[in-house]
Structure formats: structure tokens, C-alpha cells
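Each chain is listed here by its residues.
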Amino acid sequence: MFVYADNAATTKLSQEALAAMMPALTDLYGNPSSLHQAGREAEAALWDARERIAACFSAKPREIYFTSGGSESDNWAIRSAAETGARKGKRHLITSAFEHHAVLHTLKKLEKEGFEVTYLPVHEDGLVRPEELRAAIREDTALVTIMYANNEIGTIQPVEELGAICREKGVLFHTDAVQAAGHLPIDLSAAPIDMMSFSGHKFHGPKGVGGLYVRTGVLLRNLIEGGAQEFRKRAGTENLPGILGMAAALEASCRNMEASAQRVSHMRDRLLQGIRSIPATRVNGSLTHRMPGNLNACFEGIEGESLLLRLDLAGICASSGSACTSGSLEPSHVLLAIGVPKELAHGSLRLSLDETNTEEEVDHILEKLPGIVAELRAMSPVWDEAGQRMKAVEV
């Protein structure tokens, strides 16, 4: 049996997205900026997609800017807010310690340019405390950027509380909602969010296309100079097939969100019960404030890379953390941020399910995983030491 349990990394293209993309790959090939009929038809399709995506988030069409994906959206939002703040003498930025690297690396670069960054702790449950954000905001704070849901451990942040504090203090609030969009209800007409990043391939849309929501009145610097696309902020001919596919995928995900969340949560909880039966296992992050399909655990005495390879041989696609850092030998910065010891963080596993998974696939994971962990521990000198400690505790 083949089981794809790495949906936090990317998702399968939906039939709705594929059907929406085909006309733009065959017949609807005009440039949306052209004045002739073919261009006008393409421009109309582009605007229709913008309206439909905005409606899914209860936003205005002119508040949606199309990008190449979540990383670009994060970079654009953060650098824009930082430059706007700097012109007013505000060079202080706030984030959390376990953001996606698209956020953290952008902030590290800004630190080299003279900005000061405060990294809020996320605690063992993987949550930012609103009171700690309030205490961190200063007169020269230009931006707070906190992710909506963590990409590795799936914890959902108190975004509305965090945004309300920023709104009260007159500070811009950006959230990386790449993991949340299409999976959690987001009402931007009510939520105190100034900018929000999202990416199509996380909710069964195509790769290479995403978006940035920018609330009306928030200044956004030009990202790419050239043509007048994206309200003169991001030049370049639009990726019309990708945008149409993303719009269709988002609509389908939002339409089926409640039913999907219930079914996926049930499968995740079955996995949780089975994983907890494996000795010396730590489940990471809050189980209450968590994405429906996310389960992240560490197994003492083994390496995550070996675990993933053995799972792959058993037909199970999983992850040890973010897909963006899969080539790194360092333990997850997310797990270290919530207090997981470095040696234990090396043995992490992320299983991320969605509505395309089945109960039979969960059965297959539960059938294979305990034996694989046991076999790897039998070969591990690290586990031999840990096992002796466990026996000593039991005695």
C-alpha cells in the first residue's frame, strides 16, 4: 500500500484545480495586459479569480496580490513593513522563535541592515503568549509577524488576540497563513490582520503560485519594477493557469472545510493513540490548538532520517520537519524552540493527513511504524543507553 502522509509539505492537485487550469493552458492564452479580445478574456478570468479568492477570506479583491508562493509573500510583507517603519524611525520588529525560515531568514537579513528583532518564546505547548507580545511592543516597533499555524508541529496561534494587541498599539500585524489557509476558517473582514501570506499548493492548488493579502490603507512597497501588473506593485505577466487553479482549489477546500476537518481529526487521533503506545515517545505541541491533520512526535534513540527511509520502504511518505530544510543535518529549530532536547529532536516524525487520506492508510501506518521504531532501536547504541536508564527508573 502507498500512503502519502506529508500534506504539510505539499498536496495533490485537485480535480477542480486541474479543470480550472486547462482553459488557460490551451484556449485562454492571451496576456491579461493586452487590449485585444484574447487579452481582455484573460484579464476577465484573472479578475474573477481574484474576486473568488477574496470572497473565501471575506476580503476585498484589491486587497489580494498574486505571488509565486508563501516565501515570496512573507518576504514582501516583512520587507515592505520594515522599510515603511524605518522612514518613520521605527526599526524594531517582533516575531516568534519557531517561524518558517522564509520569515526568520528575512528578519536575519534585516538585522544585518540595522533593524532590531525580538524573538518571542513559544513554550512547550508551541504557543505564543499574548501577554508576552504586549510586553515586547515598543514605541519604535514597526511590525509583528507571527504565523497562523506552525508548519512542523501544527499548533494554531491565538492570531486574533495577537492582532488585537497590535491594532491597539498601532503596530502592523502580518501572519504567515500558509498552513492555515484552506484548512481553517479565516475572516479578514473581522480579524485584526494587516497582511497575510498563503500558497496554493498547500490546499490542492498548483505549485509556484500564492498570494499576499494587504489590508486597504497599508502601504506596500514595489516588489518588482517593470509593468503595471498587481496594481503596479509586482511587475511581470501573471501566472494565469496557476492563479485559476489556486482559486478553484481554495473554493473547494473552503466549501468542504468543516466535514474534512472532522474526518481528518478522527484519523489523526487514531494515529495519536497508536503512537503513544510506543515506549519513550514524545508528542510535540498542544493537542488542543492544533491543525486537524498534524501529528509530530519524537522517538528516543533513533535518527529521523533512518526512520523516514524505512517508512518509505514500507510505502509511507512522511517528514521529519519542514520540507524546506530536508537537506539539513541540524535538528529542527521548531522543536528546539519548544524545549525538546537536541538529541531527542533528531528522532522526530511529522505525519500530516488531509481529506485525501483513508482509514485504511492509517491502519497501514499503525501496522508498520511500531515495528520500524523497534528495529531501529535494536541497532542503536544510543537507545541501548536510554533503555538502561528506563529500566533503572522502573526498578
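One structure accompanies this document, and this report is about it. For clarity, every value in this text was computed on a predicted model and none was experimentally measured.

This brings us to a nonpolar patch on the surface. Nonpolar side chains collect at one region of the surface, where Leu13, Leu18, Met22 and Leu25 lie side by side and expose about 320 Å² of accessible area between them. Within the fold, Leu25 resides in helix 1 (residues 15-26). We classify Leu25 as exposed; its relative accessible area is 52%.

Of all five residues making up strand 5 (residues 141-145), five are buried, and the element is well covered by its neighbours. Inspection of the sheet shows strand 5 paired to strand 6 (residues 172-176) by three bridges, in the parallel sense. Of the residues in strand 6, the one forming a bridge with Val144 is Phe173.

The next subject is the nonpolar core. Considering soluble globular proteins, one finds that nonpolar side chains tend to be buried as a cluster. Within the largest apolar cluster, 63 residues are counted, with the highest numbers of intra-cluster contacts made by Ile53, Phe57, Tyr148, Ile193 and Met196. Met267, Ile278, Leu353 and Leu376 belong to the second largest nonpolar core, which has 26 residues in total.

Once that is clear, we can look at the environment of Leu287. Mapped onto the elements, Leu287 comes out in the loop between strand 9 (281-283) and strand 10 (294-299). Of the residues examined, Leu287 reaches a relative accessible area of 34% and is grouped as partly exposed. Counting along the chain gives 23 residues from Leu287 to Arg310, while the straight-line C-alpha distance between them is 27 Å. With sequence-adjacent residues up to four places away left out, Leu287 is seen in contact with Arg268, Leu272 and Arg276.

Read from one edge to the other, the open sheet built from three strands follows the order 9-10-12, with strand pairing classed as antiparallel. With one partner strand each, in any of the chains shown, strand 9 and strand 12 (348-352) form the two edges of the open sheet. The average angle at which neighbouring strand axes cross in this sheet is 25°, direction not considered. Bridging between strand 9 and strand 10 involves three bridges; their strand directions are antiparallel. Looking at the pairing, Val283 lines up with Ala297 of strand 10. Along the sheet face, helix 9 (residues 257-276) touches strand 9, strand 10 and strand 12 and points at about 10° away from the line of strand 10.

Strand order in the open sheet formed by seven strands is 2-8-7-6-5-3-4, with mixed pairing between adjacent strands. Of all the strands in the sheet, the pair left with one neighbour each is strand 2 (64-67) and strand 4 (116-120). When strand polarity is set aside, the average angle formed by the axes of neighbouring strands in this sheet is 20°. Taken together, the four bridges between strand 3 (residues 92-96) and strand 5 define a ladder with parallel strand orientation. From the neighbouring strand, Thr95 faces strand 5, where its bridge partner is Thr145. Each of strand 5 and strand 6 is contacted by helix 6 (residues 159-169), which is oriented at about 155° to strand 6, the strand it contacts most.

Once that is clear, we can look at the packing of helix 2 (residues 37-56) against helix 8 (residues 240-255). At a minimum axis separation of 9 Å, helix 2 and helix 8 run at an interaxial angle of 30°. By the angle between their axes, helix 2 is roughly parallel relative to helix 8. Here helix 2 and helix 8 pass one another in a crossing that is left-handed. For the pair formed by helix 2 and helix 8, the contact residues are Ala42, Ala45, Leu46, Ala49, Arg52, Ile53 and Cys56 on the first element and Leu240, Ile243, Leu244, Met246, Ala247, Ala248, Leu250, Glu251 and Cys254 on the second. Considered class by class, the residues forming the contact of helix 2 with helix 8 number 14 nonpolar, no polar and two charged.

What follows concerns the side chain of Thr11. Looking at where Thr11 falls in the secondary structure, it is placed in the loop between strand 1 (3-4) and helix 1. Judged by its relative accessible area of 4%, Thr11 is buried. Within the structure, the side chain of Thr11 is placed 2.6 Å from the backbone oxygen of His201, a separation counted as a polar contact. Reaching out from Thr11, the side chain makes a polar contact with the backbone nitrogen of His204 at a distance of 2.7 Å. Residue contacts for Thr11: discarding those within four places in its chain leaves His201, Lys202, Phe203, His204, Gly205, Lys207 and Asp354.

Conventions and cut-offs
- Residues numbered from 1 in each chain as written.
- Predicted model: local features only at pLDDT ≥ 70, side-chain atom pairs only at ≥ 80, totals over all residues.
- Heavy atoms only, no water.
- Patch = residues over 30% accessible without salt bridge, like charges linked within 9 Å, V, L, I, M, F, W, Y side chains within 5 Å.
- Areas by Shrake-Rupley, 256 points an atom, 1.4 Å probe, with all protein chains shown as cover.
- Salt bridge = Lys/Arg side-chain N within 4 Å of Asp/Glu carboxyl O.
- Helix = DSSP H or I, 4+ residues; strand = E, 2+ residues; numbered from the N terminus.
- Buried < 20%, exposed > 50% of the residue type's maximum accessible area, 1.4 Å probe, protein only.
- Pairing = 2+ DSSP bridges.
- Core = buried A, V, L, I, M, F, W, Y, C linked by side-chain atoms within 4.5 Å.
- Contact = heavy atoms within 4.5 Å.
- Axes fitted to C-alpha atoms, helices over the stretch in contact; angles between N-to-C directions.
- Parallel < 35°, antiparallel > 145°, perpendicular 65-115°, else oblique.
- Left-handed = near helix turned anticlockwise from the far one by under 90°.
- Nonpolar A, V, L, I, M, F, W, Y, C, P; charged D, E, K, R; others polar.
- Polar contact = N/O pair within 3.5 Å; in protein donor to acceptor, adjacent residues only side chain to side chain.

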